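Structure assessment
Letter by letter, the chains look like this.
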Amino acid sequence: MKQNSKNLLAGASAVLLLGAISASNAQTASTAPSTSAPATVTVPMPVPGPGPRPCRSEAHRQFDFWIGDWDVTTPDGKPAGTNLIKLILANCVMHESWKTGTGFAGESYNVYDAVRKVWHQTWVDVGGTLLVLEGKFEGGAMTMSDRSLAGKNPNAINEIVWTPNADGSVSQRWSVSNDGGKTWKLSFDGRYVRAARPQPAVPVTAAQFDQTINTVERLGGRVTTRTEGGRTFISKLDLSRSTVTDAGIKLLLDTPDLPELDLRQTSVSDAGLVKLGQLEHL
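Residues numbered from 1 in each chain as written. Predicted model: local features only at pLDDT ≥ 70, side-chain atom pairs only at ≥ 80, totals over all residues. Heavy atoms only, no water.

Structural notes on the environment of Trp-162
Mapped onto the elements, Trp-162 comes out in strand 9 (residues 157–164). Using a relative accessible area of 0% as the deciding quantity, one classes Trp-162 as buried. Sequence spacing of Trp-162 and Met-142 is 20 residues, and the spatial spacing of their C-alpha atoms is 5.1 Å. Here the side chain of Trp-162 touches Gln-172 through a polar contact of 3.5 Å, side chain to side chain. (Helix = DSSP H or I, 4+ residues; strand = E, 2+ residues; numbered from the N terminus. Buried < 20%, exposed > 50% of the residue type's maximum accessible area, 1.4 Å probe, protein only. Polar contact = N/O pair within 3.5 Å; in protein donor to acceptor, adjacent residues only side chain to side chain.)

Rendered as structure tokens:
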């Protein structure tokens, strides 16, 4: 509408191939000297790779802080509703699905207009409301309004501000003016906290995508990609026969989605094995 539960890899289709890893092998790897430097690897989710990149600029990712499955409360802590925001259409559009406990529901589509360098939102709901907003991400917050919408009453203005907070929550304030912006009335004030439900994946930028490939190749690993609709995706990272530190395992656990990862005959400590056991799909 208009944290901190542990992320156990939102991608249900992700597969971790442990192969020949065993507790005894892991114990040996944790005590024996390594012939190569330990590899700590950040593994982002599968994202569009080289080729056409229409929605992978930093500007396109400005609103990603809103992606999630949220429980929303009012300032006094009372439940206001739930809101699921996820990316659709090759990560170019953010789709919002708002529901309350009283049967009210609404949806919005949000997209960055790279030509005009503005964000656009179209909101519709079960009451027949149509709200069209535009704005920018400035000063650490996303602000959109219908002030400049052609054909509307110039005195009636809606303005919504989304602000990411340091604790991972998001604040949303919807203000309304009936005198052209001279005075304002707060229509909605909500605090978003991530629900315990599985969370939508958040894409990485083009630079992070390229960095992942370069990092794996420097470590002697192999990257397998696939092409869909003329775009390239990472489908598998092969780090077999290498050493993955506990810090590397933590990065894997913190990854919102994961391609197939090959760790056959990979050195992992006992503590790392325990952490890997937290993965739901093992």
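Things to note about the pairing of strand 7 (residues 130–138)
With six bridges joining them, strand 6 (residues 118–125) and strand 7 adopt antiparallel strand pairing. In the sheet register, His-120 faces strand 7, and the bridge partner there is Glu-134. By the bridge criterion, five bridges tie strand 7 to strand 8 (residues 141–145) in an arrangement that is antiparallel. For Glu-138, the partnering residue across the bridge sits in strand 8 and is Ala-141. Hairpin geometry of strand 7 and strand 8 is characterised by an intervening segment of two residues between the two adjacent antiparallel strands and by a positive phi of about 60° at Gly-139. (Pairing = 2+ DSSP bridges.)

Digging into the pairing of strand 4 (residues 93–99)
Within strand 4, six of the seven residues are buried, which leaves it mostly tucked inside the rest of the structure. With seven bridges connecting them, strand 3 (residues 79–88) and strand 4 associate as antiparallel partners. Counted as the bridge partner of Leu-87 is Met-94 from strand 4. Between strand 3 and the antiparallel strand that follows it, strand 4, lie four residues; Leu-89 among them carries a positive phi value of about 55°. In the sheet, strand 4 pairs with strand 5 (residues 105–113) via seven bridges, with the strands oriented antiparallel. For Val-93, the partnering residue across the bridge sits in strand 5 and is Val-111.

Quick notes on the pattern of salt bridges
In the structure shown here, the tally under the stated rule is seven salt bridges. The salt bridge involving Asp-69 is made with Arg-197; its shortest N-O contact spans 2.8 Å. One end of the pair, Asp-69, is in strand 2 (residues 68–73); the other, Arg-197, is in the loop between strand 11 (185–194) and helix 2 (206–218), and 128 residues separate them in sequence. Taking the relative accessible area as the measure of exposure, Asp-69 reaches 11% and is therefore buried. Residue Arg-197 is classed as partly exposed on the basis of its relative accessible area of 33%. Each of Asp-69, Asp-71 and Arg-197 takes part in one network of salt bridges that share partners. (Salt bridge = Lys/Arg side-chain N within 4 Å of Asp/Glu carboxyl O.)

Observations concerning the nonpolar core
Counting residues in hydrophobic clusters, the biggest one holds 25 residues, and the most contacted among them are Phe-63, Trp-66, Met-94 and Trp-162. Tallying contributions element by element places strand 3 first for this core, with three residues. (Core = buried A, V, L, I, M, F, W, Y, C linked by side-chain atoms within 4.5 Å.)

Topic: the environment of Gly-81
Topologically, Gly-81 is positioned in strand 3. For Gly-81, a relative accessible area of 13% puts it in the buried group. Counting along the chain gives eleven residues from Gly-81 to Trp-70, while the straight-line C-alpha distance between them is 8.6 Å. For Gly-81, the contacting residues outside a window of four places in its chain are Trp-70, Asp-71, Val-72, Trp-98, Lys-99 and Thr-100. (Contact = heavy atoms within 4.5 Å.)

Function cannot be inferred from these measures alone, as they are strictly geometric.
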